[in-house]
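Close look at the chain arrangement
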Amino acid sequence: MNTPRTPRNQAPIDPLLRLQQLDRSRQQQLPPPTAGTVRQPTTTRQAADARRTSSPAPRQSAPTATTLLPSGVKPSAQASARIAALAAARGTVSGPGKASSARGGKPVGKRAKPARAAKVASLALSAVTTIGLAGMFADQNSQTDSIVLTQGTIGTVAATTATTTAPAATVPGNTATTVATTAPPVATGQVLDGTYVGAGDSNRWGTVQVQAVYSSGQLVDVQILQYPDGDGKSVRINQRALPTLINASITSQSANVSTVSGATYTSDSYTTSLQSAIDAAKAASGING
Amino acid sequence: MSLHHVEAVMGTSISIDVVDSHDRTLIDELVRWFHHVDGEFSPYKADSTITRIGTGALAPTDPEVSDDVREVLQRCGELCEDSGGVFDVWSLPSPNGTRFDPCGYVKGWSVERAAQFLRSRGVRDFCINAGGDVVLDGFDQGGAMWRIGIRHPAEPTALALVLQVSGRLGIATSGSYERGAHLYNPRDGTTATALASATVVGPDLAEADAFATTVYVMGEEGLQWLARHPGYSGCLITHDLQVLSTDDFDRYVAT
């Protein structure tokens, strides 16, 4: 149960200030690492290298760790046997000690957690979007986007509720009649303490729904129940059909692919898989490791 | 000069392509790494850290538990919350008789680590495929963008789609057509088979791996869930061969 906070020492929430705070905190989030490029002007290694040498910008420094195994960990007997077998096949001696680098076992560079940072950022943005419903969408004070409270016990007068600096929450007056019998009328004319759920508001970013917490007539908290996906854009799902006829499907030869992402296969099913055919072709072309 | 190697480990086959190096010790290091991961995480091994944690013989907080295992458990916990319990490595039937199996995260995680290692050694162009989960960077042997096939769910030797990409990317596909119904919905214990497959792409293969499993189990609403993760996009294929995909994913598809 939501216990309203006593606002004695707490100033009423100013949505505009809240928006600025959220925006600042959002800007401080690390952006997620960028995924692979697609259909960019540099579509070949040659072009990418040419672009790099012609620009003075230095390359990003790579993580400094040069070993994978944690420090103090010896290769397992299984691994050592495999390395020995590989060395024998190549006709060279390649013991475990030889290959490891001088830098001992420092763990591989910190793995960025893109999803988490980005998720926090998107939550903050969603909160921004929500506050925006109080009229604070990035570039305007819209009169049409406002928090609509459709439930709750409301005192006899509700005109001066919420804050004064932003468009006030619109409070339908007719709900008062249904609850007048259950709640004692309040002479002060302010919103009664409690949590009020707003109707879902659909805009071009999606559906946002908030609940507002009132205490002593002041809006003391705004909680987000529902917010648009991702960075506020609705997800567009595209649909296409794959060919059902075998000879209309893409074959590996015509597709000229380097590898296949398919549902995980076992070592046994690998031998009959498309991936093994591709690997065999590569081995036959003389590249080996 | 480039390197190509296939290693049978972790119950699958890992295909490694290193384009811009012929230093075979890189392959050795990767082989060592994957066998090490197998030893620590395999639910098929009675003495793996994961099995011992699953049976209660070892507490996750025990100092003997490595940082790697802790990192994986931490992230699996976060993903469980994020997915509303759909991705839950503590509610899966495990080969070791327990209900704890983090393999849906570990495979992609170990390959992502391998990719970081290669980058740290100055390799710019590579592709690793661990049983269908792919990580790549840079360009292919011909200096062109990597072309990655997504297996056709009904036709083992055909492809549903071809992706054309360059630069850092992880591609993970989940489905039932290779290993049968092995993807469980922890919420009700049923096996998920409503979709033929789900593919997720993004900057981190460990995440993409977990997301692909989650999207597959969630079904069509999984794409909406996925869209809440900036940088990650995907598609799913239904049994009647309809492909549903997000705009972000379609940009990767070769025409």
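These numbers were taken from a predicted model, which means no experiment stands behind them.

Calculation criteria
Residues numbered from 1 in each chain as written. Chains lettered and ligands numbered in written order. Predicted model: local features only at pLDDT ≥ 70, side-chain atom pairs only at ≥ 80, totals over all residues. Heavy atoms only, no water. Core = buried A, V, L, I, M, F, W, Y, C linked by side-chain atoms within 4.5 Å. Buried < 20%, exposed > 50% of the residue type's maximum accessible area, 1.4 Å probe, protein only. Helix = DSSP H or I, 4+ residues; strand = E, 2+ residues; numbered from the N terminus. Contact = heavy atoms within 4.5 Å. Buried area = accessible area lost by both parts, 1.4 Å probe. Salt bridge = Lys/Arg side-chain N within 4 Å of Asp/Glu carboxyl O. Polar contact = N/O pair within 3.5 Å; in protein donor to acceptor, adjacent residues only side chain to side chain. Nonpolar A, V, L, I, M, F, W, Y, C, P; charged D, E, K, R; others polar. Pairing = 2+ DSSP bridges.

**Re the nonpolar core**
The tendency in soluble globular proteins is for nonpolar side chains to be buried side by side. All names here are of chain B. Ranked by size, the top nonpolar core spans 65 residues in total, and within it Leu30, Phe34, Tyr105, Trp109, Leu118 and Ile128 carry the most contacts. A total of 10 residues in this core trace back to one element, the largest contributor, which is helix α5 (residues 205–218). With near-sequence residues (within four places) excluded, Phe34 lies in contact with Val9, Met10, Ile14, Ile16, Ser110, Val111 and Ala114. Among the nonpolar cores identified, the runner-up in size contains 22 residues, and Trp146, Ile148, Ala160 and Cys235 belong to it.

**Quick word on the interface of chain B and chain A**
For interface size, the figure often reported is the accessible area lost on association. Across the boundary between the two partners, chain B contributes 111 residues, which contact 88 residues of chain A. Contact between chain B and chain A buries roughly 8600 Å² in total, counting both sides, with carbon and sulfur atoms accounting for 54%. Of all residues in chain B, the largest losses of buried area upon contact with chain A belong to His4(B), Arg32(B) and Arg124(B), amounting jointly to 9% of the total for that side. Ionic pairing is found between Asp250(B) and Arg240(A), a salt bridge with its closest N-O pair at 2.9 Å. For the pair chain B and chain A, the interface holds 32 residue pairs in polar contact (both at pLDDT 80 or more). Element by element, the count of residues in the side of chain B that touches chain A is highest for helix α1 (residues 24–41) of chain B, at 12 residues. For the side of chain B that touches chain A, the class distribution of residues is 43 nonpolar, 35 polar and 33 charged. By the bridge criterion, two bridges tie strand β6 (residues 250–251) of chain A to strand β6 (residues 158–165) of chain B in an arrangement that is antiparallel. Each residue of the ladder has a partner; that of Thr251(A), found in β6(B), is Ala158(B).

**Section: the side chain of Thr98(B)**
Looking at where Thr98(B) falls in the secondary structure, it is placed in the loop between α3 (67–82) and α4 (103–120). In this structure, Thr98(B) is in contact with Gly54(B), Thr55(B), Leu92(B) and Pro93(B), ignoring residues within four places of it in sequence.

**A look at the environment of Gly189(A)**
Looking at where Gly189(A) falls in the secondary structure, it is placed in the loop between α6 (175–179) and β1 (194–197). Distance in space between the C-alpha atoms of Gly189(A) and Gly217(A) is 8.5 Å, their sequence separation being 28 residues.

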